[in-house]
Amino acid sequence: MAAGYLDILRTRHAARLLTGTLVGRLPNGTAPIAIVLFTRAEGGSYTLAGALGAAYGLATAVGQPLLGRAVDLYGQPRVQLPAAVVSALGMAALALIGLGPLPAAYAAVVVAGVFTPPLEGGLRALWPTVLGREDRVHRAYAMDAVAQEVMFTVGPLLVTVLVSLWSPAAALLVINAIGVLGALSVVLSEPSRTWRSAPREAHWLGALRSPGLLALLGAFFFVGLALGSITVAGVAYADDHGRESVYGWLMAALGLGALVGGSVYGARQWAGAPERRLRVVVGLLALGYLPLTLTPGVPAMTALAALAGVFLAPAIACSFIVVDRHAPRGTVTEAFSWLVTTFGVGAAAGTAVAGPAVELGGTAWSFAVAGAGGVAALLVLLATGRVLAAPGRTPEVVAGSENDRNGAAEPGFSSGRKA
């Protein structure tokens, strides 16, 4: 298992691009907790902290596909680095001006969110150039999904350490400065500097003119909803058991399950169409969420949380392959950015729905939202099976598709019709 991942990381530029992307995404991954801690330190309420966090999340959802389209049109360095700098300046403004005047605070988080650089989609657009063979690209997608789990675990911990050593304002400044350095590392690399998107058909819908991509986005809205609801349900479960640490155990178990599942998934090659495989994985993901409604004792619930997380990273990794197969030519970064946006909007919706569910029916109902989200995602994939079965173009996971200056694909390299 480890040998395949080490093979990727030993490839020239791969470790730098993966590390730079993860570091560059730290501001986005840590923004929710950083904004809450800063708002509370400034004397603001949890309601205000939630509103500022929601404004940031909505702004990010708007900005990602727009910046992704700009990357496809103008290249990575001309978009990613300026966006990272402007986003960091937005958070720096929040740290320096505080909560007064309040409209300025909202403006600061909106600027930071809109200009969050689409590093995640950019990395996936670079993998074919760096890794060449299709099987290595698919393994990199799985490694990418696993690395996200690490970032979302380590990032909040880093924020809390910075807050304890200095202050919430200092944490905002340091995290965003680190993010700019990560983006700088990526855009100065040779693959990022030389990458050019394939020629694209001029169309105002961009990537969204692909029916297959729309079907995938519809499904992953509900996957995001399921995951977002679990964060609220976990807090309610911890409250029921009178210990805040229980929430940490549940989230750690969920992350551990995703790490294990993603690692195993990426360690082997899979036969057959990825669209069919995605339906199976999402079905297993939904099946893993349903037992959480039993809300047993803490040890059993922790085990169920780990089981629920096992199929999350494989579902995300498989979705990357499907995006690549269905994104219209020349829109790959934008398409990946739409996936990030849709998943994030779904997570926000799940958080919003799970709260009232707790009030109406208790903790079990909030976990039922996660199960319902998983089932809904599966139903979308089943209902759109015919659309997903017909990719609109040859996938861009081909060594010579966009970035090979000699225009030659590696001998024996598949066009991507098989996963």
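Scroll up for the structure.
Just so you know, these numbers come straight off a predicted model, no measurement behind them.

*Asks:* How do you make sense of the overall build of the protein chain when you look at a structure like this?
*Replies:* Broken down by element type, the protein chain carries 18 helices and zero strands. Every one of the 419 residues in the protein chain was classed for burial, and the buried ones make up 55%. The contacts in the protein chain between residues at least 6 apart in sequence include a share of 82% that link residues at least 24 apart. Surface exposure of the protein chain reaches about 16800 Å², of which carbon and sulfur atoms provide 69%.

*Asks:* Looking at this model, I keep getting lost on the environment of Ala335. Mind explaining?
*Replies:* Relative to the elements of secondary structure, Ala335 occurs in helix α16 (residues 332-361). The exposure class assigned to Ala335 is buried, which follows from its relative accessible area of 0%. Non-local contacts of Ala335, meaning those with residues more than four positions away in its chain, are made with Ala207, Leu213, Val323 and Ala327.

*Asks:* What exactly am I supposed to notice about the packing of aromatic side chains here?
*Replies:* Each aromatic ring pair is described using two quantities: the centre-to-centre distance and the angle formed by the ring planes. One pass over the structure, following the stated rule, counts five aromatic pairs. A centroid spacing of 5.3 Å and a plane angle of 20° characterise the contact between Tyr265 and Trp270, whose relative ring orientation is stacked. On the basis of relative accessible area, Tyr265 is assigned to the buried category, the value being 8%. Taking the relative accessible area as the measure of exposure, Trp270 reaches 27% and is therefore partly exposed. Considering the side-chain rings of Phe320 and Phe336, the 6.2 Å spacing of their centres and the 85° angle between planes classify their relative orientation as edge-to-face. Of this pair, Phe320 sits in helix α15 (residues 312-326) while Phe336 sits in helix α16, and the two are 16 residues apart along the sequence. The pair formed by Phe320 and Phe336 is uniform in burial state, with each residue classed as buried. Members of the aromatic cluster, each reached through a chain of ring pairs, are Tyr141, Phe320 and Phe336.

*Asks:* How should I be thinking about the packing of α16 against helix α17 (residues 363-383) in this particular structure?
*Replies:* For any two helices packed against each other, one specifies the inter-axial angle together with the distance between the axes. Close contact between α16 and α17 brings their axes to 6 Å; oriented N to C, the two are set at 145°. In the crossing of α16 with α17, the sense of the turn from one axis to the other is right-handed. In contact with Val353, Ala354, Ala357, Val358, Leu360 and Gly361 of α16, α17 contributes Thr363, Trp365, Ser366 and Val369. Class assignment of the residues belonging to the contact of α16 with α17 gives a composition of seven nonpolar, three polar and no charged.

*Asks:* Just to check I follow, could you spell out a nonpolar patch on the surface for this structure?
*Replies:* A grouping of Val280, Leu284, Leu287, Leu290, Val375, Leu379 and Leu382 is seen on the molecular surface, where their side chains present a nonpolar patch of about 610 Å² in accessible area. Counting residues per element, the ones that place at least two in the nonpolar patch are α13 (274-289) and α17. Tracing the chain through its elements places Leu284 in helix α13. Residue classification places Leu284 among the partly exposed positions, given a relative accessible area of 33%.

Rules used in this analysis
Residues numbered from 1 in each chain as written. Predicted model: local features only at pLDDT ≥ 70, side-chain atom pairs only at ≥ 80, totals over all residues. Heavy atoms only, no water. Helix = DSSP H or I, 4+ residues; strand = E, 2+ residues; numbered from the N terminus. Buried < 20%, exposed > 50% of the residue type's maximum accessible area, 1.4 Å probe, protein only. Contact = heavy atoms within 4.5 Å. Areas by Shrake-Rupley, 256 points an atom, 1.4 Å probe, with all protein chains shown as cover. Phe/Tyr/Trp six-rings, centres within 6.5 Å; stacked < 30°, edge-to-face > 60°. Axes fitted to C-alpha atoms, helices over the stretch in contact; angles between N-to-C directions. Left-handed = near helix turned anticlockwise from the far one by under 90°. Nonpolar A, V, L, I, M, F, W, Y, C, P; charged D, E, K, R; others polar. Patch = residues over 30% accessible without salt bridge, like charges linked within 9 Å, V, L, I, M, F, W, Y side chains within 5 Å. Salt bridge = Lys/Arg side-chain N within 4 Å of Asp/Glu carboxyl O.

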